[in-house]
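Listed here are the chains, written in short residue letters.
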Amino acid sequence: MKKLFQSFALVLMATLALTGCKNDPKTPQTKNTDVVVAINLGDDLRAAISDLPDGRKKGDIAQLDQFDVYLLSSNGDILEAKRFMKNSTEYNELTKKTTTNGAGGYKFLDVVGNPKSVAVIANYGGNILAKGKMLEDLTSTVLSVEESKALFLGAAELKSIGTEPKDPNPQTINNNEQNVKVAVVTVKAAINRFQIKAVKFGKVDWKDGARDKAKEWQKKWLETNKNQVASLSNSEKRKKAEEAFAAEVGTFDWNKAGDVAWTKKTEWDKYFEVIDVTKALRGTFLNRFNHKIDGNAKPYDLAWIFVHGDGRYDKTNGTYHADLYGKTYNKDDGKTWVDATSIASYYDAKLSEKLTNNKVIAFNYFYEGITDYSKDSQNSPKIVFYFNSTPSNNDKASYVSEDFQFVAIKGYTTDAELQTPLDANKAKGTTLINLDLTKVKGGRGVLVEVGNDIPGVTPPGGGEDPEPTKKVNVVVEVQVEPWTEQDVYPVI
């Protein structure tokens, strides 16, 4: 996986109360102090995908293949670091629940340096950090491309529970040979997840030969009403005839279900047709990326893919390149481009056909930095759909016109009337955001294209006193919080 960002600076949102009010490693800590340890995600937004994964459900937890556990000093130095792999004895000890008969968890023995807290990262994609490092040294290679391996974070203060033998059984506390500290860490997803569960797209087009029939109708109308339009110029006459034709065929509101969408369905059907172009879907991508590297994690220009002629998006294979060093996108200017395809974009010639048997299009992304999911938001993720524009055997359902190849979701609402945006304050991690495009717009899905010469269609588309030299035993237990789920409606 390529990097999109330079650093993944310090972790773990307001979950950690630490000791130590100064970050001076040379000064012994003699006073209890609360300190928050966090991985600062800044304004970075990343998507992670795999090839049409299985859908997740409410209460599901992401696949947890490994835990990285760090024991930290009051200054944030890493005193111990250990990676726990799934199905190992140590992993099972780490995730064992506390019982009434004793403590669960994995025990670190003889830890030097008076550990004050523990930080846990699940599914980190890079190497585990070494002793003496700090969590700020974690890099942006953190998020796996596999959607199910969501990044989970957790931290907790270590609390003293007394003493025990130097090399004890975790449940035995019966003499004063060694101090013991315990922490139960709850890990939560640092990401939200979009799930596109089903897709449906359509266009409105002329029926075969209907344009000629419409022109003939308008010609006859002008003949019948020649006295009424005699004083008009030719262009004005043509406009009058077009207005009369529009009144004749009536209107069609894509958003309404059933036949009530048409004011004159019988007449409308003589000329126009609704065509399902779902099979023309070729690619889907999450369309928000920082494209500059900066250690201060400030937001920069967003690489929207609303401009398609600059070579960023390859329409033949779905490859998407982000320029990390400038605002221009010229492959010949000597700047470094990054292929973001593996973490941002799906592409398949028969993409829609693969959304069966619980398969979904899924994007994982960091929720930090998102303040608004409304259609007017400047920092909400935008899901974009890309369609084939080459006709196949004159099959109208196999393509959309080139001008309509890209359709972007502008925002996300929680009601079918598209009035109540998804609350960003409530969608703070461990949230599954479901999109079923077959249930929007009156059940017709998303309107992709309407010809410019087709009238009347709405819409037009588009811690403890420290003892630095004394060794302690530490027991750590990890608990996992499941994902919640929310269905939303897209604003196209």
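This structure is a prediction, so every number in the text was calculated from the model and none was measured.

Calculation criteria
- Residues numbered from 1 in each chain as written.
- Predicted model: local features only at pLDDT ≥ 70, side-chain atom pairs only at ≥ 80, totals over all residues.
- Heavy atoms only, no water.
- Helix = DSSP H or I, 4+ residues; strand = E, 2+ residues; numbered from the N terminus.
- Buried < 20%, exposed > 50% of the residue type's maximum accessible area, 1.4 Å probe, protein only.
- Lys, Arg positive; Asp, Glu negative; His and termini not counted.
- Salt bridge = Lys/Arg side-chain N within 4 Å of Asp/Glu carboxyl O.
- Polar contact = N/O pair within 3.5 Å; in protein donor to acceptor, adjacent residues only side chain to side chain.
- Pairing = 2+ DSSP bridges.
- Axes fitted to C-alpha atoms, helices over the stretch in contact; angles between N-to-C directions.
- Core = buried A, V, L, I, M, F, W, Y, C linked by side-chain atoms within 4.5 Å.
- Contact = heavy atoms within 4.5 Å.

Looking at the side chain of K382
Inference 1: Considering the arrangement of structural elements, one finds K382 in the loop between β16 (361–366) and β17 (383–387).
Inference 2: Within the buried core, K382 has no salt-bridge partner, and the shortest N-O distance to an opposite charge, that of D372, equals 8.0 Å.
Inference 3: Polar contacts involving the side chain of K382 include one to the main-chain carbonyl oxygen of S377, which spans 3.3 Å.

Details of the sheet that holds β17
Inference 1: Across the sheet, which stays open at both edges, the 4 strands sit in the order β15-β12-β17-β18 with antiparallel pairing between neighbours. Where the open sheet ends on each side, the last strands, each with one partner, are β15 (345–347) and β18 (406–408). Recorded for the sheet is a direction-independent mean angle of 15 degrees between the axes of neighbouring strands.
Inference 2: When strand β12 (residues 281–286) meets β15, the two strands line up antiparallel, connected through 3 bridges. Looking at β15, one finds that T284 is bridged to Y346.

Some thoughts on the pairing of strand β2 (residues 78–85)
Inference 1: Examined bridge by bridge, strand β1 (residues 66–72) and β2 share 7 bridges and lie antiparallel to one another. In the sheet register, V69 faces β2, and the bridge partner there is K82.
Inference 2: Remark: 5 residues form the turn of the hairpin made by β1 and β2, two consecutive strands paired antiparallel; G76 in that turn has positive phi of roughly 90 degrees.

Focus: the sheet that holds strand β11 (residues 272–276)
Inference 1: Taken in spatial order, the 3 strands make up an open sheet running β11-β9-β21, and their pairing is mixed. Strands at the two margins of the open sheet, each flanked by one partner only, are β11 and β21 (446–450). Within this sheet the neighbouring strands show an average axis-to-axis angle of 25 degrees, counted without direction.
Inference 2: For strand β9 (residues 201–206) and β11, the ladder comprises 5 bridges, and the chain directions are antiparallel. For K203, the partnering residue across the bridge sits in β11 and is I275.

A few points about the nonpolar core
Inference 1: F67, F108, V118, F152 and V476 are the most contacted members of the largest nonpolar core, which totals 43 residues.
Inference 2: The contacts of F108, once residues within four sequence positions are left out, are V69, L71, E80, K82, F84, V472, N473, V474 and V476.
Inference 3: Judged by nonpolar contacts, the second largest core, of 41 residues, contains I275, F363, Y365 and L437.

As for the pattern of salt bridges
When their charged atoms lie close together, side chains carrying opposite charge are able to pair.
Inference 1: On inspection of all chains with the given rule, the structure shows 13 salt bridges.
Inference 2: For D68, the salt bridge identified is with R83, shortest N-O distance 2.6 Å. Within this pair, whereas D68 is found in strand β1, its partner R83 is found in strand β2, the two being separated by 15 residues in sequence.
Inference 3: Judged by its relative accessible area of 27%, R83 falls in the partly exposed class.
Inference 4: Residues D208 and K396 are paired through a salt bridge, measuring 3.1 Å at the closest nitrogen-oxygen approach. One end of the pair, D208, is in the loop between β9 and α2 (210–224); the other, K396, is in the loop between β17 and β18, with 188 residues separating them in the sequence.

What about the pairing of strand β8 (residues 191–198)?
Inference 1: The buried count for β8 comes to 6 of 8 residues, which makes it a mostly enclosed element.
Inference 2: Alignment of β8 against β16, held across 6 bridges, turns out to be antiparallel. Following the sheet pairing, F194 is matched in β16 by F363.
Inference 3: Bridge analysis of β8 against strand β20 (residues 431–436) gives 5 bridges, and the strand direction is parallel. For A198, the partnering residue across the bridge sits in β20 and is D436.

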